[in-house]
Amino acid sequence: MIATAVLLCGCSDSRDINKDNPINRELITIGFSQVGAESDWRLAASESVQNAFTPENGFNLIFDNAQQKQENQIKAVREFIDQNVDYIMIDPITEIGWDTTLEEAKEAAIPVIIVDRRVAVKDDSLYTAWIGSDFEEEGEKACAWLKAFLDAKGIKGRVNIVDIQGTIDSSAQIGRTKALEAAAKRYYNWNIIGKDTGEFTKAKGREVMEKMLKTYGDAIDVVYCENDNEAFGAIEAIENTGRHVGENIENGDILLISFDATRAGLTLTLNGNIAVNAECNPDYGPKLVEMVNTLENGGTVPHDQFIEEEIFSAKEEIKSIYAGGERSDVTLLTQEFIDGRKY
Ligand code: AHR
C-alpha cells in the first residue's frame, strides 16, 4: 500500500513522506530524494527509479519530490533517518551544503547512495557510492563539435555565444558551463556575450532567451542550452522574433546546442532545430537496484561511477565534419533510433 501510494504521486508537485504508515520490513526500504519535476529528463529519471524499486523486486520505495529546494531534500533525508530506511538515495540539487545531513545518516548507520549530480563534502566516506554523468565531458564534447563545425565552415571571425545555464551550483550546470568557458578561453574568436540561468525549465529558458534577444539582438550566433527543456523555450523565443534556428549562422541562423538527448530533444535534433545534442542518461533505476543487491549480498560497489553517454547529430555532413575534429564519437541520429528510445 505504501509503495503504491508513493509511486502514484512520485512525479506530482506534492511531497510524500507518510510517517504514519507502517513500513513492510520484509522488503528493503529505499528513501529516495528527487530534485523535482523540472524537465523531461527528470521525469524519465523518476520513472526509471520508480519502475525499478517495486515490491515485486523486493523493495519499498519512499519517493520524495523536493521541488528544486535543497531545504526540502534535507528535510526528506532527516525523515528517512527517522523512518530507519535501509538505504538513502539522493539526487542532490546543488553540490554544496551536504556535510551535516550526511553525517547524520552516517551516525544512524544508513548507507547513502548519491545519484546523477554530485555532493561536495569534506569526507567522501559520508556516502557509500555515487553514480552519474560526467557533465564536464558532455560540455567538452559539445564544444569540440562546435569547434570542428566552425573550422569546417571556415568561420574564423567572432562567434557570439549565449549560455542558458542550468540550476546554479548543480553539478550539471557547473560541468557544462565550465567546459564552455574553457573552450571560449582556448579559442580567441569565441565570445560568451551573455549567460543566465534557465533553471533547466522550458519557461525559464524562453524567458532568458527573450531577454538575451532584446539585449543582443542579431549579434547572437550560438545558444548553448544546458538542457533540452531550455532549448524548447529558446526555440520558441527565437522563432517569435522571426529569426531562424539552424546551422547557417553565416546567413543569420542561430545555432543551438543542447544536452540530455531526450526523445523530444532528439526529435528537434533530427529536424535540424538543435545542431548537436549531448546525451545525459537518466536510466538509473536498474543500476541502483543492482548496487543495492550487491551490497545486500556482502559485495562492494565502486565509490564513484560514470555512466556511458553519447553525442548526437542528425546530418551525415555534420557527423563527418565532427569526425575530422578533436573527437570522433558522434552518433548519427535516425528516426529509427528515436522510435526505440525509452525516454
Ligand atoms: O542533473 C541532470 C540534469 O538535470 C539534466 O540535464 C536536466 O534536464 C535535469 O533537470
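Residue numbering note: each chain is counted from 1, following its sequence as written. Thresholds applied to this predicted model are a pLDDT of at least 70 for local features of residues and 80 or more for the giving and counting of side-chain atom pairs; totals over whole chains, interfaces and linings are not thresholded and use all residues. Hydrogen atoms and water are omitted, and side-chain values are computed over all heavy atoms in the structure.

For the site of the ligand, give the residues involved together with the corresponding values.
Contacts to the ligand come from Glu-38, Ser-39, Trp-41, Arg-42, Asp-116, Arg-117, Ala-172, Arg-176, Phe-200, Asn-227 and Asp-260. Residues adjacent in sequence count toward polar contacts only when both atoms are side-chain atoms; beyond that, a polar contact is any pair of N or O atoms within 3.5 Å, and within protein one must be able to donate a hydrogen and the other to accept it. Contacts to the ligand include Asp-116, whose side-chain N or O atom sits 2.8 Å from an oxygen atom. Between the ligand and Asn-227 there is a distance of 2.9 Å, counted from an oxygen atom to a side-chain nitrogen or oxygen. Protein contacts shield 100% of the accessible area of the ligand, which totals 280 Å² for the unbound molecule. A run of H or I in DSSP becomes a helix once it reaches four residues, and a run of E becomes a strand once it reaches two; helices and strands are each numbered from the N terminus. Contributing elements (two or more residues each) for the shell around the ligand: α2 (40-52) and α6 (171-186). Domain start and stop positions are those given by an automatic or database domain assignment. Here the shell around the ligand gathers at least three residues from each of two domains, domain 1 (2-127) and domain 2 (135-281 + 310-339). Proximity is defined per residue: if any heavy atom of the residue lies within 4 Å of a molecule or strand, that residue is considered near it. In short, Shrake-Rupley with a 1.4 Å probe defines the accessible areas, and a residue's cover is counted only from the protein chains shown.

Any details on the confidence of the model for the protein chain? Residues and values, ideally.
One number per residue, pLDDT, summarises how confident the predictor is, and it ranges from 0 to 100. Confidence along the protein chain averages 91 in pLDDT terms, with 90% of residues attaining 70 or more. Taken as a whole, residues 1-17 scores under 50 in pLDDT and shows 43 contacts with residues more than four places along the chain or in a different chain. Contacts are assigned to residue pairs that have any heavy atoms within 4.5 Å of one another.

Tell me about the pairing of strand β8 (residues 222-225), and please be specific about residues and values.
Where burial is concerned, the two faces of β8 agree: the one with Val-222 and Tyr-224 and the one with Val-223 and Cys-225 are both buried. In this scheme, strands are said to pair when DSSP sees at least two bridges between them. Here strand β6 (residues 159-165) runs beside β8; their pairing, made up of four bridges, is parallel. By the bridge assignment, Ile-161 is partnered in β8 with Val-222. Relative to strand β9 (residues 255-260), β8 runs parallel, the two sharing three bridges. Each residue of the ladder has a partner; that of Val-223, found in β9, is Leu-256. Think of it in three bands: with a 1.4 Å probe and only protein chains considered, a residue is buried below 20% of the maximum accessible area for its type, exposed above 50%, and partly exposed in between.

Give a description of α2 that names residues and reports values.
A turn of α-helix holds 3.6 residues, and therefore any two residues three or four places apart point the same way. Between the first and last residue of a helix there are one fewer steps than residues, each counted as 1.5 Å, and that sum is the expected span. Its 13 residues give α2 an end-to-end C-alpha distance of 18 Å, which sits within 8% of 18 Å, the value for a rise of 1.5 Å per residue. Where α2 is concerned, the buried positions are Trp-41, Arg-42, Ala-44, Ala-45, Ser-46, Ser-48, Val-49, Gln-50 and Ala-52.

Tell me about the packing of aromatic side chains, and please be specific about residues and values.
Two rings from Phe, Tyr or Trp (for Trp, the six-membered ring) form a pair when their centres are within 6.5 Å of each other. A pair whose planes differ by under 30 degrees is stacked, one over 60 is edge-to-face, and the rest are tilted. According to the stated counting rule, one finds eight aromatic pairs in the structure shown. For the ring pair Trp-41 and Tyr-284, a centre distance of 6.3 Å and an interplane angle of 70° mean the geometry is edge-to-face. Of this pair, Trp-41 sits in helix α2 while Tyr-284 sits in the loop between β10 (276-279) and α10 (285-296), and the two are 243 residues apart along the sequence. The buried category is assigned to Trp-41, whose relative accessible area is 3%.

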